[in-house]
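Coordinates in review
Take a look at the letters that make up each chain.
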Amino acid sequence: MNFYIFLFLNLASAAIPVPRNNNAQAISTLYEFPKGAWVENIAVRSNGQLLITRTDVPELYLVDPLHPSASLVHQFTSATGLLGIAEVAHDIFAVIAGKIDLATASAVPGSFVIWKVDMRSAKAAVSKIAEVPEALFLNGMTLFNAKTSTVLIADSKKGVIWRLDPAANSPIQIGVNGIKFRGGFVYYTSSTKKLFCRVAVDAALIAVGPFETIASGFFADDFALRQSDGMANLNSSLVAGQTAALLGRTKLDCNILYITTCGAQAGPVSGIYAEGGKIIALDLNKLDN
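Residues numbered from 1 in each chain as written. Predicted model: local features only at pLDDT ≥ 70, side-chain atom pairs only at ≥ 80, totals over all residues. Heavy atoms only, no water.

A short note on the environment of serine 78
- Summarising the element assignment, serine 78 is placed in the loop between strand E6 (70–75) and strand E7 (81–89).
- Counting along the chain gives 34 residues from serine 78 to phenylalanine 112, while the straight-line C-alpha distance between them is 9.7 Å.
- The contacts of serine 78, once residues within four sequence positions are left out, are Lys99 and Trp115. (Helix = DSSP H or I, 4+ residues; strand = E, 2+ residues; numbered from the N terminus. Contact = heavy atoms within 4.5 Å.)

Quick notes on the nonpolar core
- Ile96, Phe112, Ile114, Leu138, Met141, Ile153 and Trp162 are the most contacted members of the largest nonpolar core, which has 21 residues in total.
- Elements with a minimum of two residues in this core: E7, strand E8 (92–98), strand E13 (138–145), strand E14 (150–155) and strand E15 (160–164).
- In this view, isoleucine 153 contacts Ile96, Ile114, Leu138, Gly140, Met141, Val160, Ile161, Trp162 and Leu164; residues no more than four positions away in its chain are not counted.
- Of all hydrophobic cores here, the second largest spans 16 residues; its members include Ala79, Leu82, Val95 and Ala97. (Core = buried A, V, L, I, M, F, W, Y, C linked by side-chain atoms within 4.5 Å. Buried < 20%, exposed > 50% of the residue type's maximum accessible area, 1.4 Å probe, protein only.)

Remarks on the packing of aromatic side chains
- On inspection of all chains with the given rule, the structure shows four aromatic pairs.
- Note on tyrosine 31 and phenylalanine 33: the rings are 4.9 Å apart at their centroids and 80° apart in plane angle, and the pair reads as edge-to-face.
- With a relative accessible area of 4%, phenylalanine 33 lands in the buried category.
- Through a chain of ring-to-ring contacts, three or more aromatic side chains come together here, namely Tyr31, Phe33 and Tyr61.
- Against the face of phenylalanine 185 rests arginine 198, its NZ or CZ located 3.8 Å from the ring centre. (Phe/Tyr/Trp six-rings, centres within 6.5 Å; stacked < 30°, edge-to-face > 60°. Lys NZ or Arg CZ within 6 Å of the ring centre and 35° of its normal.)

Quick word on the sheet that holds strand E11 (residues 113–118)
- Judged by pairing direction, the sheet is antiparallel, and its four strands sit side by side in the order E7-E8-E11-E12 without closing on themselves. Every other strand in the sheet has two partners, leaving E7 and strand E12 (125–131) as the edge strands with one partner each. For this sheet the average axis-to-axis angle between neighbouring strands, irrespective of direction, equals 25°.
- The pairing of E8 with E11 spans six bridges and is classified as antiparallel. The residue of E11 that forms the bridge with phenylalanine 93 is valine 117. (Pairing = 2+ DSSP bridges. Axes fitted to C-alpha atoms, helices over the stretch in contact; angles between N-to-C directions.)

Written as structure tokens, this is what we have:
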């Protein structure tokens with residue numbers, strides 16, 4: 001039987017654990033932004049390129065792992081920062097924008113907007129999907145229904161998951177930060193309660209099983225799911241302030257975990273070290289050897 005490997009991202013410790021002997025071989029930096037940059041979330045295109053959101057500025061970037069550099073896709077002038085991103089159709093992405101204050105880890109209530117970014121042409125086409133005036137602090141986002149482009153969005157301050165589709169926004173109260181939907185289960189982290197959990201849901205997003213705690217006792221942010229046997233928890237000071245992670249989609253990088261970081265701005269390594277936000281590639285094949 002296949003299980004999922006859960007790769008937890010512990011923002012409080014500002015470090016991802018990796019076996020010491022394989023650190024140098026397994027981890028490489030694809031791109032580092034200037035000091036002060038907070039790289040928040042990541043989406044992987046079908047061609048292998050990465051879409052990166054920044055929270056210190058309202059900017060969406062494109063990074064090519066084969067030719068590492070960062071090019072600006074779009075600047076959202078009505079916001080101060082970006083958060084979650086999810087692919088809702090082939091090469092079409094939903095992006096969360098809002099007015100965010102990183103210094104106080106707060107946001108302006110009612111400032112959040114979900115935007116559509118269509119990458120199917122040479123120049124990205126950007127249009128508004130919906131405003132979420134009731135939201136307090138939108139964070140992670142995941143695709144729930146590919147046929148309707150329905151997404152689930154975590155509201156970390158309000159303690160709800162928003163369901164966003166063409167018909168309505170319907171929250172369910174489960175208090176979350178990172179969020180993913182796989183195999184009929186909503187997987188989520190609760191940063192305040194230090195929990196990593198899941199719940200089985202039906203097509204209407206109604207819980208049809210118990211709320212299960214998979215792991216507890218750590219401050220978790222976003223995470224990645226990998227279909228394999230067993231469970232893994234990463235930890236090493238080579239990754240300063242990880243914020244999100246996602247596996248590659250092509251044959252060349254299907255075993256590469258792409259990780260975004262805030263440069264340890266939320267908690268400097270050893271209390272003193274911080275750097276620019278990064279996009280890091282972690283080769284899981286080299287960790288398994």
